[in-house]
Amino acid sequence: ASPSECRDVFVRGMAAAMAESTAATKEYEMEEVQKHNTEEDCWLVIGGKVYDVTTYLPEHPGGADIMLGSTGYDATDDFEDVGHSTSAREEMEKFCIGKFKGDKVDKPKPKATVLEKNKDEGSPIAWVFPLAVVVLALLYKYFFNWN
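Only a predicted model underlies this, so the values are computations on that prediction, with no experimental measurement involved.

Draft legend 1. Here's a closer look at the sheet that holds strand β3 (residues 41–46). Reading across from one edge, β1-β5-β4-β3-β2 is the order of the five strands in this open sheet, with mixed pairing throughout. The open sheet is flanked by β1 (27–28) and β2 (37–38), the only strands paired with a single partner. Here three bridges tie strand β4 (residues 49–52) to strand β5 (residues 96–100), and the two strands are oriented antiparallel to one another. Opposite valine 50, over in β5, you have glycine 98 as the bridge partner.

Draft legend 2. Local environment of a nonpolar patch on the surface. A contiguous nonpolar surface patch, about 1200 Å² in accessible area, is contributed by Trp127, Val128, Leu131, Val135, Leu136, Leu139, Tyr140, Tyr142, Phe143 and Phe144. Residue placement: leucine 139 occurs in helix α7 (residues 125–144). A relative accessible area of 40% means that leucine 139 is categorised as partly exposed.

Draft legend 3. Layout of the side chain of threonine 76. Mapped onto the secondary structure, threonine 76 falls in helix α4 (residues 76–82). Residue threonine 76 is classed as buried on the basis of its relative accessible area of 17%. A polar side-chain atom of threonine 76 sits 2.5 Å from a polar atom in the side chain of aspartate 74. Excluding anything up to four places from it in sequence, threonine 76 contacts Val45, Ile46 and Gly47.

Draft legend 4. Quick peek at the confidence of the model for the protein chain. The predicted model of the protein chain averages 80 in pLDDT, with 71% of residues at 70 or higher. Averaged over each element, pLDDT in the protein chain is lowest for helix α6 (residues 114–120) (52) and highest for β4 (96).

Draft legend 5. Geometry of the pattern of salt bridges. For the structure on display, the rule yields five salt bridges. In this structure, glutamate 29 and lysine 101 form a salt bridge, with 4.0 Å as the shortest nitrogen-oxygen distance. Residue glutamate 29 is found in the loop between β1 and α2 (30–33), and its partner lysine 101 is found in the loop between β5 and α6; the two are separated by 72 residues along the sequence. We classify glutamate 29 as partly exposed; its relative accessible area is 43%. Residue glutamate 80 pairs with arginine 89 through a salt bridge whose shortest N-O separation is 2.9 Å. With a relative accessible area of 39%, glutamate 80 lands in the partly exposed category.

Draft legend 6. Region of the structure containing the side chain of histidine 36. Mapped onto the fold, histidine 36 is located in the loop between α2 and β2. On the basis of relative accessible area, histidine 36 is assigned to the buried category, the value being 11%. Within the local environment of histidine 36, its side chain forms a polar contact with the side chain of glutamate 32, the two groups lying 2.9 Å apart. Those residues in contact with histidine 36 that sit more than four places away from it in its chain are Asp41, Cys42, Trp43 and Thr71.

Draft legend 7. Looking closely at the nonpolar core. Formed by 16 residues in total, the largest nonpolar core has its most connected members in Ile46, Tyr51, Val53, Leu57 and Met67. Those elements that place two or more of their residues in this core are β3 and α3 (64–68). When near neighbours in sequence (up to four residues on either side) are disregarded, leucine 57 contacts Thr38, Glu39, Cys42, Gly63, Ala64, Met67 and Leu68. Counting residues in each nonpolar core, the second largest holds eight residues, with Met30, Trp43, Val45 and Ile97 among its members.

Quick notes on the rules
- Residues numbered from 1 in each chain as written.
- Predicted model: local features only at pLDDT ≥ 70, side-chain atom pairs only at ≥ 80, totals over all residues.
- Heavy atoms only, no water.
- Pairing = 2+ DSSP bridges.
- Helix = DSSP H or I, 4+ residues; strand = E, 2+ residues; numbered from the N terminus.
- Patch = residues over 30% accessible without salt bridge, like charges linked within 9 Å, V, L, I, M, F, W, Y side chains within 5 Å.
- Areas by Shrake-Rupley, 256 points an atom, 1.4 Å probe, with all protein chains shown as cover.
- Salt bridge = Lys/Arg side-chain N within 4 Å of Asp/Glu carboxyl O.
- Buried < 20%, exposed > 50% of the residue type's maximum accessible area, 1.4 Å probe, protein only.
- Polar contact = N/O pair within 3.5 Å; in protein donor to acceptor, adjacent residues only side chain to side chain.
- Contact = heavy atoms within 4.5 Å.
- pLDDT = per-residue confidence, 0-100.
- Core = buried A, V, L, I, M, F, W, Y, C linked by side-chain atoms within 4.5 Å.

Here you go:
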């Protein structure tokens, strides 16, 4: 290799190292991260770092929806609960764009369904339906002489 080729390789390597170093020291707050929550632009917060996983969405073994569902809050617990392999952890470092700065934002609680809300409020639906079944059974027995 000629001296100019060696110099070019060295310069490219230094530029890449400097870009990686800059990305690792850039800090993002949740307000900024929350803006990136689509298939076209997806960032995640995991383990105190911010990852731009947009290009990885189509390749994710669990599907893009899993990752998109983890945007807007600290997804560390989601990531750890799955039990990702060592190679997955190494792979994700390619997508690190900086550090997370600020307070942890927990995963929002899912909205309760109508039945869950009624259950929590001691709704009559919990006893009206069984009572109606008993009444109908008694009426059936009375009118049709059921033994």
